[in-house]
Amino acid sequence: MPKRTFQPKKRQAKKEHGFLKRMASKAGQKVLKRRMTKGRAKLSK
């Protein structure tokens with residue numbers, strides 16, 4: 001059996017896709033804005 005390809009790390013995920021990371025750039029802010037407008041329950045990790 002080969003190993004599973006997805007081996008989650010919570011800290012790494014937060015660093016890469018977290019709210020603070022999103023807010024740090026203009027593009028990221030646009031992502032959050034789009035998700036808010038759409039009414040997403042979760043905006044980011």
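Below is a summary of the structure that appears in this document. (Residues numbered from 1 in each chain as written. Predicted model: local features only at pLDDT ≥ 70, side-chain atom pairs only at ≥ 80, totals over all residues. Heavy atoms only, no water.)

A word on the overall build of the protein chain
We apply this condition: Only DSSP runs of H or I covering at least 4 residues are called helices, and only runs of E covering at least 2 are called strands; the numbering of each starts at the N terminus. Relative accessibility decides the category of a residue: with a 1.4 Å probe and only protein chains considered, values under 20% of the type maximum give buried, values over 50% give exposed, and everything between is partly exposed. Accessible areas in this description were obtained via Shrake-Rupley with a 1.4 Å probe; residue shielding takes into account the shown protein chains only.
Across its full length, the protein chain holds three helices and zero strands. When the elements of the protein chain are put in sequence order from the N terminus, they spell out α-α-α. The buried share of the protein chain, taken over its 45 residues, is 7%. Of the roughly 4700 Å² that the protein chain leaves accessible, carbon and sulfur atoms contribute 58%.

Here we look at helix H3 (residues 26–38)
So the rule is basically this: By definition here, a helix of n residues has an expected span of 1.5 Å times n minus one.
The end-to-end C-alpha distance of H3 is 18 Å, a good match for the 18 Å that 13 residues give at a rise of 1.5 Å each. Within two residues after H3, Gly39 carries a phi angle of roughly 90 degrees, on the positive side.

Remarks on the environment of Gly18
Operational definition: By definition, residues are in contact when any of their heavy atoms lie within 4.5 Å.
Here Gly18 is to be found in the loop between helix H1 (10–17) and helix H2 (19–23). Overall, Gly18 belongs to the buried group, its relative accessible area being 2%. Those residues in contact with Gly18 that sit more than four places away from it in its chain are Ala13, Ser44 and Lys45.

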